[in-house]
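A structural walkthrough
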Amino acid sequence: MGSAESQNRYLNPSMAEFGTTIFAEMSALAVRTGAVNLGQGFPDTDGPPEVSAAAIEAIRAGHNQYPPGQGIQPLREAIARHRRRFRGQVFDPEAEVLVTAGATEAIAASLLALCRAGDEVITFEPYYDSYAASIAMAGATRRVVTLQAPDYTFDPDDLAAAFTSNTRMVLLNSPHNPTGKVFDAAELAQIAELCVEHDVLVVSDEVYEHLVYGVEHIPIATLPGMSDRTVTVSSAGKIFSFTGWKIGWACGSAELIAAVRTTKQFLTYVSGGPFQHAVAVGLDLEDDFFDGYTTAMQSKRDRLCAGLTDAGFDVMIPDGTYFVTVDIASVGADDGIEFCLSLPERCGVVAVPTQVFYDDVEAGRRLVRFAFCKRDEVLDEAGRRLAAIVERSGR
Ligand code: PMP
Ligand code: GLN
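Scope of this entry: the structure provided in the associated data block. (Residues numbered from 1 in each chain as written. Chains lettered and ligands numbered in written order. Predicted model: local features only at pLDDT ≥ 70, side-chain atom pairs only at ≥ 80, totals over all residues. Heavy atoms only, no water.)

**Focus on the pairing of strand S2 (residues 97-101)**
With five of five residues buried, S2 lies mostly within the body of the structure. Where S2 and strand S8 (residues 247-251) come together, five bridges link them in antiparallel fashion. In the strand pairing of S8, threonine 100 is matched with glycine 248. (Buried < 20%, exposed > 50% of the residue type's maximum accessible area, 1.4 Å probe, protein only. Helix = DSSP H or I, 4+ residues; strand = E, 2+ residues; numbered from the N terminus. Pairing = 2+ DSSP bridges.)

In structure tokens:
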């Protein structure tokens, strides 16, 4: 996928493997074919009205010029309060919190700030696509540890073997996109111990921190020896279902955040002034909002998983995020890319082949991701359409 761009003679060769992102590609396919889009992960309803009202109010109140480089103070304070309320972590809003243009910028700025050319960055595959691109832009090398379907566990020996004298960072994502895995205490402890032993940093992408279903989200920064070596990243896009606002943040020790701020200021400098005011309001919403969001998304998970199971798919029920993966072998297919490219025409549904997030393509060949952050009627319609093709293929 993205092969046309890959052959572009002007493109920096270190970026040649990165064409158009799969999300843009699959959303364009959905628009072109009028299919139900369970590909790109964005909700099809707005987030809390008091938060969007606060954005409109901020524009009316004239908060329309550059905000301060580190983010507006009320938002940094709200981020620190949110982190303390839900995770028990304490960050100084003056020095240990940085507002970014989405989690994407927080991750890119962290890699650019903290890695030197030739450093190695360990990440788990399937990995979120911007990780590989940001590692490449930083001139670093990725080393991947595979999460093995169907339960997406990893071999502890694989992880230990991935650490070398060049390892600079682990780029961790829990709850994990695209698998929906939530790393448990024992897994996080192993990662943390190796990081301490090898003196390695962590960037912990926790954008789905509020989407865990019956399990606990544990920030790796709270483990022994980790608080001073971890940059924790989150995003209002995921917490409040305003993915287009692109307000994210990074929290960590003053020294780490000062380093990340150095690169961030030359990427976007600042962004989303009025939206920063709105997100500050959102982060202080009552527990009811956060609990209700989790419960609503859990019921959508159950709804889509039931629909996919009824349609004949082998479903890997996720503990977190708003994504579910299936093995398409159960419906007689064996290549996720072919399957996803033909799906809109066959039945009017768009999904994402998770194969594109693996270096070990074989490990992900038959895995396909569906997003369930959609209205119930949309999820039901997708289930009906998928069942119809499986029936037609006589399985
Ligand atoms: N990390 C993960 C795991 C994601 O799924 C996403 C996509 N939303 C991001 C980061 C990017 O977040 P943002 O839109 O805030 O840049
Ligand atoms: N995070 C979203 C997903 O995984 C997509 C965001 C994007 O398109 N960059 O589907």
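Following the structure, the description resumes.
**Concerning the site of ligand 1**
Neighbouring ligand 1 are the residues Gly102, Ala103, Thr104, Tyr128, Asn173, Asn177, Asp205, Val207, Tyr208, Ser235, Lys238 and Lys246. Between ligand 1 and lysine 246, the relevant distance is 2.7 Å, taken from an oxygen atom to a side-chain nitrogen or oxygen of the residue. When isolated, ligand 1 has an accessible area of 390 Å², and the protein chains bury 94% of it. Among the cavities detected, the one that contains ligand 1 is the second largest pocket. (Near = heavy atom within 4 Å. Polar contact = N/O pair within 3.5 Å; in protein donor to acceptor, adjacent residues only side chain to side chain. Areas by Shrake-Rupley, 256 points an atom, 1.4 Å probe, with all protein chains shown as cover. 1 Å grid on protein atoms, 1.4 Å probe; cavity = no way out; pocket = protein on both sides within 12 Å on 5 of 7 lines; lining within 4 Å. Sits in = over half its atoms within 2 Å of the grid points.)

**Description of unusual backbone geometry**
Cis peptide bonds are those with omega within 30 degrees of zero, and the linkage from glutamate 125 to proline 126 qualifies with 5°. Relative to the assigned elements, proline 126 resides in the loop between strand S3 (120-125) and helix H6 (129-137). Even without glycine at this site, tyrosine 152 takes up a positive phi of about 55°. Within the secondary structure, tyrosine 152 is located in the loop between strand S4 (141-146) and helix H7 (156-162). Its identity is not glycine, yet threonine 321 carries a phi of approximately 70°, on the positive side. Looking at the element boundaries, threonine 321 is found in the loop between strand S9 (314-316) and strand S10 (323-327). The exposure class of threonine 321 is buried, given its relative accessible area of 0%.

**Quick look at the sheet that holds S2**
Spatially, the seven strands line up as an open sheet ordered S2-S8-S7-S6-S5-S3-S4, and their pairing is mixed. The sheet terminates laterally at S2 and S4, the two strands that pair on one side only. Strand-to-strand, the axes of this sheet are offset by a mean angle of 25°, without reference to chain direction. As defined by bridge partners, strand S7 (residues 230-235) adjoins S8 across four bridges and the pair is classed as antiparallel. For serine 235, the partnering residue across the bridge sits in S8 and is glycine 248. Each of S3, S4, strand S5 (167-173) and strand S6 (201-205) touches H6; the most contacted strand, S5, lies at about 160° to it. (Axes fitted to C-alpha atoms, helices over the stretch in contact; angles between N-to-C directions. Contact = heavy atoms within 4.5 Å.)

**Focus on helix H8 (residues 185-198)**
Along its 14 residues, H8 runs 20 Å from first to last C-alpha, staying within 8% of the 20 Å computed at 1.5 Å per residue. Taken together, the buried positions of H8 are Glu187, Leu188, Gln190, Ile191, Ala192, Leu194 and Cys195. For H8, the elements touching its buried residues are S3, H7, S5 and S6. One side-chain oxygen at the N-terminal end of H8 lies 3.2 Å from the backbone nitrogen of alanine 186; it belongs to aspartate 184. A positive backbone phi angle near 55° is found at aspartate 199, which sits one or two residues after H8. (Expected span 1.5 Å × (residues − 1).)

**Remarks on the environment of arginine 60**
Residue position: arginine 60 is located in helix H3 (residues 49-60). Sequence spacing of arginine 60 and proline 274 is 214 residues, and the spatial spacing of their C-alpha atoms is 9.3 Å.

**Focus on the site of ligand 2**
Near ligand 2 you find Phe23, Gln40, Gly41, Tyr128, Asn177, Tyr208, Lys238, Phe323 and Arg369, and these make up its full shell. In this structure, glycine 41 approaches ligand 2 through a main-chain N or O atom, which is 2.7 Å from an oxygen atom. Contacts to ligand 2 include asparagine 177, whose side-chain N or O atom sits 2.8 Å from an oxygen atom. The fraction of the free accessible surface of ligand 2 (300 Å²) that becomes covered by protein chains is 79%. A breakdown of the residues in the shell around ligand 2 according to their chemical character gives four nonpolar, three polar and two charged. (Nonpolar A, V, L, I, M, F, W, Y, C, P; charged D, E, K, R; others polar.)

**Comments concerning the pattern of salt bridges**
All told, the structure shown has 24 salt bridges when counted by the stated rule. Glutamate 206 serves as the salt-bridge partner of arginine 83, at 2.7 Å between the closest nitrogen and oxygen. Remark: glutamate 206 occurs in the loop between S6 and S7 and arginine 83 occurs in helix H4 (residues 73-87); sequence separation between them is 123 residues. For the pair arginine 83 and glutamate 206, a shared accessibility class is recorded, and that class is buried. A salt bridge links arginine 384 to glutamate 381; the shortest N-O distance between them is 3.0 Å. Of the two residues, arginine 384 and glutamate 381 are both situated in helix H15 (residues 376-392); the distance of three residues between them amounts to about one turn of the helix. (Salt bridge = Lys/Arg side-chain N within 4 Å of Asp/Glu carboxyl O.)

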